[in-house]
Amino acid sequence: MKNISINSLFWPGVFLIALLISAPSLAWAEDAAARAIMERVDARDDGDNRTADMEMILTDRYGHQRVRRIASFSKDKGPDTMHLMFFLHPADVKDTAFLSIDYDDPERDDDQWLYLPALRKTKRIATSDKSGSFMGSDMNYSDMTDRELNHYTYHFFEKGREQVFNGVKTWAIWAIPRSKKIVEENGYEKELVFVRQDNHVIIRSIAWVENSQDLKYMMVNRLEKIDGIWVATDLQITRKKGKQTVHKTSLKLTQVRFNQKLDESFFSIRQMEKGI
Amino acid sequence: MAIIHQKLESVFGRIADWVYKHRFTTLATISLVTILLAGQLPKLTIDTRDESFFHQNDPTLVAYDQFRDQFGQDDMFFIALKPENGLTPSFFNTMIRLHKELEEKVPYLDKVKSLINGRVVRAQGEDTLIVEDLFAQPPKTVEENKNILNRIDHYPLYENLLVSSDRTLGIVLVKAQAVIQPAADELMAGFAQDSPDRQQAGRQYLDNAQNVEINDVIRKIVSKYQGQGIEFFFAGTPAFVAELQRGLEEDLALMIPLSFLLIIIFLALFFRRISGVIYPLLIVLSALVSTLGIMAICQIPVTNAFMILPTFLIVVGVGDSVHILTIFYRLLKSGLDKKDAIIQAVAYSGLPVFMTSLTTAFGLFSFVWADVAIIAQLGYIAPAGVMLAFLYTIFLLPALVAVFPVKPARPLSAGKMSFADRTFNCITQITTGHPLKVAMAWLLIAILAGIATSEVRFSHNAMSWLPPGSTVRAGTRLLDNKNGGTVMLEIIVDSGRENGLHDPDLLRRMDQAGKEIPDFSVHDIKAGKVVSIADVLKETNRALNQDADSAYIVPGSRQLIAQELILFESSGSDDLTELADSTYRVGRLSVLAPFTDSILYQDYVRKIKTYLDQQFPAETVTLTGHMALFIGITKLFITSMAKSYIFAFLVITALMVVMIGQLRLGPMSMIANIIPIVMIFGIMGVADIPIDLMTILVGSIVLGLVVDDTIHFLHHFRRAYDRYGSVEAAVKETLFNTGRALVITSLVLCGGFIIYTTAYLSCYVWFGVLIASAVLFALAADLLLLPALLALIYGDKRTAPAADLAAGIIPPENYSIEARDTGDESK
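As a starting point, this report considers the structure included with it. A quick note: this is a predicted structure, and the numbers were derived from the prediction, not measured.

What counts and how
- Residues numbered from 1 in each chain as written.
- Chains lettered and ligands numbered in written order.
- Predicted model: local features only at pLDDT ≥ 70, side-chain atom pairs only at ≥ 80, totals over all residues.
- Heavy atoms only, no water.
- Pairing = 2+ DSSP bridges.
- Helix = DSSP H or I, 4+ residues; strand = E, 2+ residues; numbered from the N terminus.
- Axes fitted to C-alpha atoms, helices over the stretch in contact; angles between N-to-C directions.
- Contact = heavy atoms within 4.5 Å.
- Salt bridge = Lys/Arg side-chain N within 4 Å of Asp/Glu carboxyl O.
- Buried < 20%, exposed > 50% of the residue type's maximum accessible area, 1.4 Å probe, protein only.
- Phe/Tyr/Trp six-rings, centres within 6.5 Å; stacked < 30°, edge-to-face > 60°.
- Lys NZ or Arg CZ within 6 Å of the ring centre and 35° of its normal.

### Observations concerning the sheet that holds strand β9 (residues 487–494) of chain B
Residues and elements named next belong to chain B.
- Within the open sheet, the four strands sit side by side as β10-β11-β9-β12. Their pairing is antiparallel. Each edge of the open sheet is held by one strand with a lone partner, namely β10 (529–531) and β12 (620–624). Strand after strand, the sheet turns through a mean of 15° between neighbouring axes, direction not considered.
- Of the strand pairs in this sheet, β10 and strand β11 (residues 586–593) are connected by three bridges, and their pairing is antiparallel. Within the sheet, the bridge partner assigned to Val531 lies in β11 and is Ser590.
- Along the sheet, helix α3 (residues 59–71) makes contact with β9, β11 and β12, crossing β12 at roughly 95°.

Okay, structure coming up:
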């Protein structure tokens, strides 16, 4: 079974595969048609050897904003995926680098390293918990890594399997984690994803945050076909408590390129310390 | 003025006449209104939170709300686990199960914190950082258990917060959401962009009912873990608020029936008639229900201050009926039929009852200007209740008399004077015979009481309201002694610029404050724990340097600070959101201290404030949190007291002048009403009873109440004096006619407030004792001081009738309404 790769849509891919638990949900029978759609999402070409500049705007409930600019690189290595990110802005964290290897083997924890230029040290970060916020954003680590299709059951949204957003037809599908462990690892109890019917890209999703009343709304604002691959170049994730926005993350990708010359050696501690 | 009085009396007579003629219409209308208002009762809410003391625009509350919006609730539900055999694997196993069950089942939950999920960042080898919970799985071996204990020792962040310093307690903290958001109308609506208006709509802070719901669920969950070698204790503001609500409900459930029972007994003994019991009872019950209905409509919650209202309305309201029925039954005895008797009784007593209701209402209305919000609310609803009781009396009583039969009265029999009349006779002779001596004796009492008044102090210690054995009080005592405390003082340091917290100098100063504040000790208040972003950075910095203790310091450059914060953010922990705002402009220092009297916090916080002003000269420092709320409440007490007492005194004095109709009598009469209040404060000074939420109410309430007797007394005195021209004769007739009613209503009031001594919450006990005492003092002043003052001010105009009265020739029972109403005083 091929994983849904985060490279394809990068961040949206993240939300693609939502998880979920809950005893009652386990009783929900899987819908073969819904699963077939998710398999098509999974099978879609997500590209390789990608480079992009990313702008992350973090907005709190008062409208205070923080802007982070990051140069990002990713490459498939067999079934695994490597990511390397360099902070460009703000000045205090410039050249800070983050390297991660997302292993296809669900039993193996991902490897993560952080290079701190002020300390001139690279540290490997060992954690199995992917439910925490990723760098202060509204995504967590699970959103950045691939998820196993077999970890979830899928069935159509009971209030209508088809949903239309701005004239675009989507399939509305529940992604329910098969076990409590998956929920705890990824931090979501369940997710409702909306898959475009014409290209099988997830353009919206709603994620139920574990042990919380909060919901995370992911919305793709711009979808571009770059080098034949669909890429969400502008998306927004809003964490809400009831009607109130708790926090918001806006992600914009520019200079997205696939099939770049990225050697495996580029995804190394030496490169982190050397910079770009 | 006398003409106006006569006209007003005729108005009340005409009202009674109209009601008697339209008795069924009146009864139906009153019943309908009462039933409609009673229908609102289910909407009544209870609020015992500390925030309820503040007006919405109070700067202390505004600062606290801003804090809660940013960082969430500062106060948490503390569950202390005291294992019999210490921190063993079995204990940790139980703690994990409890922690997870709380996470799953507690409503309105923000997060559960305990040793289970205390986040640690540590070094492993040369290049690896481990980010993990203190322990996620229960230790299986002694060795694993030892490792956990060692780790707890290594992370000072959790000592005195999640585990006591002597390791006898493990603490589970349950933090509720500060703001409860209404559910999104529709799932898909969440994709819409928010407008500020939309975000604010329906937004509310955690309320009492939700707080109690959390408390109930927690206690239910914990009950399942009892008896497994672990003793459980509860503390923290949410637990305390729930306990207060329980006390409030218990007290209401006990005191309202007791008040009615008291009224029934008094009325039965006094009137010895079924109608004399049923009618006043119906009237006060209707007034009470209607008042509560109006509260529900106006969304005024039941609060600790409100607690005085039901019993107060019952005993005060019944006084209105007693005054009218006393005359009514007397007129029946004199041979009038019930129609004439009730009309003339209302005509005769309606005005003084109206005037006394007005003064009582204004005494209570003085609370409207109180800075304590729940007292101000009382200032609106209590006067409304008093005036409702008056209206019910004026309209319902004649209607009831008209509709239902009244047992015929036995005719009056002439004979020797009763014990009461002999007593009144004796009082008259002493007070009017030796007015100067009597007045000097009262002056001496007033001076002595005034001296003792200087010893009275302010206080607000709501914990002391609970019985010593209450679970929350015991839990608070334990956590205050063994752990860091249970009350938070929040220090908000605003650097004034984005990423200001990247400044190593500022962070070092915050770190220093975190170390030095726990050394401050004022009135035995000593912080057990201070936490800030500096602690997180020090821990991360140590982990980045192979866990060397020498690296447990704030990093030296802003770049390193910024990068370590990125590292911490990347570690998956969201702890930073509780320690700084998202732009790193504002940081928070949380000071955990023991629960004590709010008045003592003032000096403690003043010392901290002075220190912070020096420590952060370029930054803006704001103090908030529950400790700041407590201090704010104490300050509000003082200003509220000053405002309400001044207002009550001025307005009631003015009312007395208007009602009595003589400029010199008004202020003079106030002497007899002020002295009982001075005596009460004298007692408080001697007995070390502080001015707190409840006793602060005593002055204005007492003033509003005790002038009632004075009004009744002077109302009758003025007539009698005009009639006889002799102070002695006028006093005697006044006492013969109204003395019994004055004594009875005073005893009813006294008994009503003594009921408060049965309260679960101790704050009502002193309140009841003091007001009951004040009522008795006021009765004594009206009977013993007022006649003396009148004798000093007034001289005799005529003597003949007075001599008759003094000799007992004109017994009080021969009082003739007709004679008075026609103004024919020669009869």
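### Describing the pattern of salt bridges
Residue and element names in this part refer to chain B.
- Scanning all chains against the criterion turns up 41 salt bridges over all chains.
- Between Asp166 and Lys482 there is a salt bridge whose closest N-O contact spans 3.0 Å. One end of the pair, Asp166, is in the loop between α5 (142–154) and β5 (170–176); the other, Lys482, is in helix α15 (residues 471–482), and 316 residues separate them in sequence.
- What makes Asp166 partly exposed here is its relative accessible area of 35%.
- Each of the salt bridges in this network shares a partner with another, and the network as a whole consists of Asp47, Arg49, Glu51, Asp65 and Arg68.

### Observations regarding the packing of aromatic side chains
- Under the criterion given, the structure shown has 36 aromatic pairs over all chains.
- Centre to centre, the rings of B:Phe77 and B:Phe234 are 5.9 Å apart; their planes meet at 75°, and the pair counts as edge-to-face. Linking B:Phe77 in strand β1 (residues 77–83) with B:Phe234 in strand β8 (residues 230–235), this pair joins segments that are 157 residues apart in sequence. In terms of burial, B:Phe77 and B:Phe234 fall into one category: buried.
- Grouping aromatic residues by their ring pairs yields a cluster made of A:Phe73, A:Phe86, A:Phe266 and A:Phe267.
- Across the ring face of A:Phe156, the terminal group of A:Arg161 is positioned such that the distance to the ring centre comes to 3.9 Å.
- Between B:Arg219 and the ring centre of B:Phe234, over which it is positioned, the NZ or CZ distance is 4.3 Å.

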